[in-house]
Amino acid sequence: MTRERIYLFDTTLRDGAQTTGVDFSLDDKRAVAGLLDKLGIDYVEGGYPGANPLDTAFFSEKRTKNAKFTAFGMTKRAGRSASNDPGVAALLDAQADAICFVAKAWDYHVHVALEISLEDNLLGIRESVAAAREKGREVAVDCEHFFDGYKANPEYALACAKAAFDAGARWVVLCDTNGGTLPHEVAAIVAEVGKLVPGSHIGIHAHDDCGCAVANSLAAVEAGARQIQGTLNGLGERCGNANLVTLIGALKLKDGYAKRFDLGVTDETLSQLTHVSRQVDEILNRQPNRHAPFVGASAFATKAGIHASAVLKDPRTYEHVEPDVVGNVRKVLVSDQGGQSNVLSELKRLGFHLEKGDLRVSRLLDEVKRKESEGFAFEGADASFFVLVKRMLGEVPAFFEVERFSVNVERRYNAVGELVTASEAIVKVRVGDEVLISAAEGNGPVNALDVALRKDLGKYQDLIQDLELIDYKVRIYQGGSDAVTRVLIEFEDGAGDRWTTIGVSPNIIDASFQALTDSMIYKLLKSGASH
Ligand SMILES: CC(=O)SCCNC(=O)CCNC(=O)[C@H](O)C(C)(C)COP(=O)(O)OP(=O)(O)OC[C@H]1O[C@@H](n2cnc3c(N)ncnc32)[C@H](O)[C@@H]1OP(=O)(O)O
Ligand SMILES: CC(=O)C(=O)O
């Protein structure tokens, strides 16, 4: 069977920039374009030259090596020629391989938003496409609101698509701009367009307002479309766009597609998918979605005991694809939902050699379940689990003992009426026969406690010197008067290793203290320190 090509068109840097809370700098844009280029995306839409200085600057040079670098903008305004339209001029001036025009395809929008005649809108499409073709650019036309427009006035929506194609657009992209269309409607409407415009020239641009953007994109492919527009991690206006990361996973790995279609994304670059997805979140300072298909930290994490038992026998029992093909990893979590298989798997990963049936394994499982009922959650605190196992095995030396600590938090106005906040901590630790007292100030009580605790650990001081507190998370575990605070603290050491510990207490400082001391003990164990 000959395989057809599906072209991927990324609009992270344009529609993705329309996401609430997302602001790309020029460097961010460069970095994202580089990631997309390496991944094998066919078109990288870099933004809207002329709309703002940053996007105009981004188009001062071509930013991709392999992908077609694409400039986005609207068709010419009515009442002037394309050559006299500053918006079209900015697009033609851009150092881009391709231009993607947005054009109205819903008669209602032409009347209400543009306030022009239906014929003038068609003229705008034709003349804008022709102007770009004359300058040697490849052209795509995003037919805005195509599906809503088709439902309201199919003849006019089709006339817009046909006008774009006849004027020389390589791609006529059908947009579900408001994201309200369902897969069966997309399939039927794309098939109708296919009677006028060959499927090899039809694209789909789906928004996710019904949670159907990926399904709609696949439905369009089934109906003949051969270009898919989307964004990394589903960024985009309102609820976002079709998530290209998910689509790449489906198109590359699902039999129905992988056998029929080729993509620019190779098997090798597919293994970078998780990295690319997380890198974009890193660039944007966003928390990655743990539950993202294919690439989320939980996408191959097994928590339930019955699942874990089967996964350890054969991962295919609960996994639809292998995690490493997309650069992700399998994880079996230890929690109150798990059984001995979960614990054994985690023990093996951490380097402990205990067998199923060993009484220590069931004792450990009982202890995990008991502690989780108090509010602990070990699935996100691997270092605390490690310390717990070592304790159960009697392998934690008495490194140090904290005899007492106190924390003082002050908020006051000074003599000249300025607000002053201060936090101080004092920690008294016994290390062997030595009693050490340290005091420290911090930008908050936990910081002060952390600094005081790590100020002087006597003979262990050198081993904890390189620790850096990376992240601190607090969650109230139960509501009402029984509320307990769960604190998760992430540390990194000089070797670049990161780990997370947990503390639980009705008192936030005490919970933080538990997590801090677990981290010190973990680091000392990791360093091979002895009593
Ligand atoms: C569905 C989408 O996501 S389309 C992409 C939307 N993205 C953006 O809008 C981001 C960048 N946009 C911008 O920076 C600005 O809107 C600009 C620079 C493009 C235009 O700014 P302004 O000239 O101040 O216009 P403004 O944003 O207020 O309104 C848009 C104008 O474009 C017209 N217009 C909208 N779509 C089209 C089109 N496809 N073809 C021709 N004109 C259009 C509107 O009728 C409106 O005209 P009006 O001012 O005569 O009423
Ligand atoms: C073009 C575009 O972003 C849309 O119609 O949603």
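In this text the structure is predicted, and so the values were computed from the model without any measurement. (Residues numbered from 1 in each chain as written. Chains lettered and ligands numbered in written order. Predicted model: local features only at pLDDT ≥ 70, side-chain atom pairs only at ≥ 80, totals over all residues.)

A. Broad picture of the UniProt feature "domain: Pyruvate carboxyltransferase" (unreviewed entry) in the chain. The feature "domain: Pyruvate carboxyltransferase" (unreviewed entry), as annotated in UniProt, sits at residues 6-271 in this numbering. Across residues 6-271 one finds 42% helix and 18% strand; the C-alpha atoms that close the span lie 19 Å apart. (UniProt positions renumbered as here; feature names shortened; annotations may be inferred. Helix = DSSP H or I, 4+ residues; strand = E, 2+ residues; numbered from the N terminus.)

B. Focus on the sheet that holds strand S13 (residues 401-413). Taking strand neighbours across the sheet as the criterion, the 3 strands line up as S13-S14-S15 in an open arrangement whose pairing is antiparallel. With one partner strand each, in any of the chains shown, S13 and strand S15 (434-442) form the two edges of the open sheet. With strand direction ignored, the average angle separating the axes of adjacent strands in the sheet is 10°. Where S13 and strand S14 (residues 419-431) come together, 12 bridges link them in antiparallel fashion. Note that in S14 the partner of Val 407 across the bridge is Ala 425. Its contacts with the sheet put helix H18 (residues 445-453) on S13, S14 and S15, and the angle it makes with S14 is roughly 35°. (Pairing = 2+ DSSP bridges. Axes fitted to C-alpha atoms, helices over the stretch in contact; angles between N-to-C directions. Contact = placed C-beta atoms within 7 Å.)

C. Inspection of the site of ligand 2 at higher detail. Taken together, the neighbourhood of ligand 2 is formed by Asp 15, Val 102, Asp 142, Glu 144, Cys 175, Thr 177, His 205 and His 207. A per-class count over the shell around ligand 2 returns 2 nonpolar, 3 polar and 3 charged. (Near = placed C-beta within 6 Å. Nonpolar A, V, L, I, M, F, W, Y, C, P; charged D, E, K, R; others polar.)

D. Examining the site of ligand 1 more closely. Taken together, 16 residues lie near ligand 1, and Ala 51, Met 74, Thr 75, Val 102 and Leu 114 sit nearest. For the shell around ligand 1, the secondary structure elements donating two or more residues are strand S5 (98-104) and helix H4 (107-114). Top contributing element to the shell around ligand 1 by residue count: S5, with 3 residues. Residues of the shell around ligand 1, tallied by class, amount to 7 nonpolar, 4 polar and 5 charged.

E. Focus on the pairing of S13. Counting buried positions along S13 gives 1 out of 13 residues, so the element sits mostly on the surface. With antiparallel pairing between neighbouring strands as the criterion, S13 and S14 make up a hairpin whose turn holds 5 residues, including Gly 417 at a positive phi of roughly 80°. (Buried ≥ 20, exposed ≤ 12 C-beta atoms within 10 Å, placed from the backbone.)

F. Structural view of the packing of helix H1 (residues 26-39) against helix H13 (residues 273-284). Look at H1 against H13: their axes get within 10 Å of each other, and the N-to-C directions meet at 175°. As far as their axial angle goes, H13 and H1 are roughly antiparallel. Here Asp 28, Ala 31, Val 32, Leu 35 and Leu 39 of H1 lie close against H13, whose contacting residues are Val 276, Gln 279, Val 280 and Ile 283. Taken together, the residues of the contact of H1 with H13 break down into 7 nonpolar, 1 polar and 1 charged. (Parallel < 35°, antiparallel > 145°, perpendicular 65-115°, else oblique.)

G. Broad picture of the domain arrangement of the chain. When the domains of the chain are assigned, the result is domain 1 (4-284), domain 2 (301-374) and domain 3 (401-526). For domain 1 versus domain 3, the distance between C-alpha centres works out to 50 Å. (Domains from an automatic or database assignment.)

H. View of helix H8 (residues 183-193). Taken together, the buried positions of H8 are Val 186, Ile 189, Val 190 and Val 193. The arc enclosing the buried residues of H8, seen along the axis, measures out at 100°, which places them on a common side. Structurally, H8 contributes buried residues whose contacts are with helix H6 (146-152), helix H7 (154-166), strand S7 (171-176), strand S8 (202-206) and helix H9 (213-222). (Arc of directions from axis to C-beta.)

I. Fine view of the sheet that holds strand S16 (residues 468-476). If you walk across this open sheet you meet the 3 strands as S16-S17-S18, and the pairing is antiparallel. A single partner strand is all that each edge strand has here, and the edge strands are S16 and strand S18 (498-505). Going across the sheet, the axis of each strand differs from the next one's by a mean of 20°, ignoring polarity. The pairing of S16 with strand S17 (residues 485-492) spans 8 bridges and is classified as antiparallel. What sits directly across from Val 474, in S17, is Val 487.

J. Spotlight on the packing of helix H15 (residues 340-349) against helix H16 (residues 359-374). At a minimum axis distance of 10 Å, the contact between H15 and H16 shows a crossing angle of 105°. One way to sum up the angle between H15 and H16 is to call them roughly perpendicular. Touching Gln 340, Val 343 and Leu 344 of H15 are Val 361, Ser 362, Leu 364 and Leu 365, all from H16. Residue composition of the contact of H15 with H16, grouped by class: 5 nonpolar, 2 polar and no charged.

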